[in-house]
Amino acid sequence: MSAARHTTPIMGHRWHPGEVAVQDRLGATDVASRIVRSIHPELPQVAATFLRDQPMLVVGAADPGGSLWASILVGPPGFIRPTSRTSVDVRALPASGDPLRTVLSEGDAPVGTIAIELSSRRRMRLNGRSRPSTSGGNHRGLTIDLEEVFSNCPKYISARTVSAAPDAPAGQARRSADLTDADVSLIRGADTFFIATSDSDGGVDASHRGGQPGFVHVDGREITFGDYAGNSMYITLGNLEVQPRAGLLFIDFATGDTLQVTGTAAVDFDPAHVTTGGALRMIHLSVDEVVRQPGATGLAWGPAEASRFSPDPAAIGGTIDP
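What counts, and where the lines are drawn
- Residues numbered from 1 in each chain as written.
- Predicted model: local features only at pLDDT ≥ 70, side-chain atom pairs only at ≥ 80, totals over all residues.
- Heavy atoms only, no water.
- Buried < 20%, exposed > 50% of the residue type's maximum accessible area, 1.4 Å probe, protein only.
- Helix = DSSP H or I, 4+ residues; strand = E, 2+ residues; numbered from the N terminus.
- Arc of directions from axis to C-beta.
- Contact = heavy atoms within 4.5 Å.
- Core = buried A, V, L, I, M, F, W, Y, C linked by side-chain atoms within 4.5 Å.

Chemist: Could you give me a rundown of helix α5 (residues 181-188), with the residues and numbers involved?
Modeler: Restricting attention to buried positions, one finds in α5 the residues Asp183, Val184, Leu186 and Ile187. All buried residues of α5 project into a common sector of 160° when viewed along the axis, lining one side. Contact partners of the buried residues in α5: β9 (174-176), β12 (216-219), β13 (222-227), β14 (245-251), β15 (258-268) and β16 (281-293).

Chemist: Which residues make up the environment of Ala296, and what values go with them?
Modeler: Following the sequence through the fold, Ala296 ends up in the loop between β16 and β17 (299-301). Taking the C-alpha atoms as reference points, Ala296 and Asp257, 39 residues apart in sequence, are found 5.5 Å from one another. Residues in contact with Ala296, not counting those within four places in the same chain, are Ala170, Gly256, Asp257 and Thr258.

Chemist: An account of unusual backbone geometry is needed here, citing residue identities and associated values.
Modeler: The general pattern is negative phi for most residues beyond glycine and trans for most peptide bonds. The residue Ser232 is not glycine, and still its phi comes out positive at about 70°. Its place among the elements puts Ser232 in the loop between β13 and α6 (235-242). Even without being glycine, Tyr234 reaches a positive phi, approximately 60°. Within the secondary structure, Tyr234 sits in the loop between β13 and α6. Taking the relative accessible area as the measure of exposure, Tyr234 reaches 16% and is therefore buried.

Chemist: Give me the lowdown on the nonpolar core, citing residues and values where you can.
Modeler: Nonpolar side chains in soluble globular proteins tend to be buried together. Leu179, Phe250 and Val261 are the most contacted members of the largest nonpolar core, which totals 34 residues. Secondary structure elements with two or more residues in this core: α5, β10 (192-198), β12, β13, α6, β14, β15 and β16. In terms of residues, this core owes the most to one element, β16, which gives five residues. If sequence neighbours within four positions are ignored, Phe250 has contacts with Leu186, Ile187, Ala190, Thr192, Phe193, Val216, Asp257, Thr258 and Leu259.

Structure below.
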């Protein structure tokens, strides 16, 4: 990400102050000092092979006003093409009307991305800087110069098969300050969403959040979700420690619609305030703006197979396998 985020490739990655503060607060310093070695500045061959097979890439970035958004890029397998150990071409841009369309097509930007294969519950995170590209003839897209590459475990991922949907353009995007009843219904029924956060130097990360339907709550202009036991990196929580802006992406897997939300988020570490079964703490996001776009993904998904790790969100006080 940024100079404050990591040292040279020889010395390896290091945690930024927000991550260190959260790891220390949660007693994860020793674990974090070991798993930091899994974050690399270069792309392993197994990761390159994985990326070539994927039809979607979630990308997080900031708009010109500094608001963070999470978007989805889609294409036939092969549209994500590693060109070196430190560079990836993505032959796609966000749909027209997406808040990051102009940002990613017209200039350089720090980005956080996650490639996720829902059917196998595999995921790979790639963070760095993007720049516009015309790789592949006249096909516009991005080149991402990599700074951080790492994978995560398959916990909390609801498995789905994916296929190409009928070739039809995305519908007209609706951009507003408020969530509609349909938006609230999508959020409350979600078993999957993505979150973009950033550190104090502007480096961006995109992460997956999953659980059983009902693990995300909506109350007026506030979205709340539980934070489950994870990999002890605490990248999302560490970013929110120093930069409260965040972007959420929800996908309607039945229709291909997307719902993007940007706002400011805070982490409540008090276990007495947990309202989602199995959660260890709660994250509250105050909504600033939303974008709903029909058919934005151009993909079709099969029914979900819930992760065995995802607890019943109504079972307050329950436990989950760490």
